[in-house]
Amino acid sequence: VQLQASGGGLVQTGGSLTLSCAASGSIHSIYRMGWYRQAPGKQRELVAIITSGGGTNYADSVKGRFTISRDAYKNTVYLQMNSLKPEDTAVYYCNADRDVLGLYRYWGQGTLVTVSS
């Protein structure tokens, strides 16, 4: 599975951005896709995930502001980010899991999101 992330950039506080992650390769084996982020000096953390069945889960810090969705025909997952805050500044990584435990995990390259105050 190969993942290509895009859509990062610089935005002001309160602004919006949409990240995209296109999957290719053995996409039939994907159970779940999601977005993680890593801010400078911090550990990578879960932002949002979506399963092949459409179930979603979000970090508390982004609930109500971020929405994860997918386009099955384009094999692409999106992260719509609204009401962005400076603390959302991080490198965002797309990932795909082949199993529920995440034992078989793939990562895309990161895309930087910077929210200016």
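Going by the structure above, here's the rest.
The text that follows walks through the structure, step by step, so that each part is easy to find. (Residues numbered from 1 in each chain as written. Predicted model: local features only at pLDDT ≥ 70, side-chain atom pairs only at ≥ 80, totals over all residues. Heavy atoms only, no water.)

## Quick word on the nonpolar core
Turning to step 1, where the next piece is worked out: Among the nonpolar cores identified, the biggest contains 30 residues, and M33, W35, L79, M81 and Y92 are the most heavily contacted of them.
Turning to step 2, where the next piece is worked out: For this core, the secondary structure elements donating two or more residues are strand 1 (2–6), strand 3 (17–24), strand 4 (32–38), strand 5 (45–51), strand 7 (66–71), strand 8 (76–81), strand 9 (90–97) and strand 11 (111–116).
Turning to step 3, where the next piece is worked out: Once residues lying within four places of it in the same chain are set aside, the contact partners of L79 are L17, T18, L19, W35, V47, A48, F66, T67, I68 and Y92. (Core = buried A, V, L, I, M, F, W, Y, C linked by side-chain atoms within 4.5 Å. Buried < 20%, exposed > 50% of the residue type's maximum accessible area, 1.4 Å probe, protein only. Helix = DSSP H or I, 4+ residues; strand = E, 2+ residues; numbered from the N terminus. Contact = heavy atoms within 4.5 Å.)

## Here's the deal with the sheet that holds strand 8
Turning to step 1, where the next piece is worked out: Ordered in space as 1-3-8-7, the 4 strands form an open sheet in which the pairing is antiparallel. Each having just a single partner strand, strand 1 and strand 7 make up the two edges of the open sheet. Pairs of neighbouring strands in the sheet enclose a mean axial angle of 15°, with direction left out of account.
Turning to step 2, where the next piece is worked out: Two strands pair when backbone bridges link them, and strand 1 and strand 3 are joined in this way by 5 bridges, in the antiparallel orientation. Bridged to A5 within strand 3 is C21. (Pairing = 2+ DSSP bridges. Axes fitted to C-alpha atoms, helices over the stretch in contact; angles between N-to-C directions.)

## Section: the side chain of S29
Turning to step 1, where the next piece is worked out: With respect to the helices, strands and loops of the structure, S29 is situated in the loop between strand 3 and strand 4.
Turning to step 2, where the next piece is worked out: Here the side chain of S29 touches S26 through a polar contact of 2.6 Å, landing on its backbone oxygen.
Turning to step 3, where the next piece is worked out: Once residues within four sequence positions are removed from consideration, S29 is found in contact with V1, D97 and R98. (Polar contact = N/O pair within 3.5 Å; in protein donor to acceptor, adjacent residues only side chain to side chain.)

## Some remarks on the side chain of D99
Turning to step 1, where the next piece is worked out: In this fold, D99 is placed in the loop between strand 9 and strand 10 (105–107).
Turning to step 2, where the next piece is worked out: Despite its burial, D99 remains without a salt bridge, the nearest opposite charge being carried by R32 at 6.1 Å.
Turning to step 3, where the next piece is worked out: Polar contacts involving the side chain of D99 include one to the main-chain amide nitrogen of Y104, which spans 2.9 Å.
Turning to step 4, where the next piece is worked out: Setting aside residues up to four positions removed in sequence, D99 forms contacts with Y31, R32 and Y104. (Lys, Arg positive; Asp, Glu negative; His and termini not counted. Salt bridge = Lys/Arg side-chain N within 4 Å of Asp/Glu carboxyl O.)

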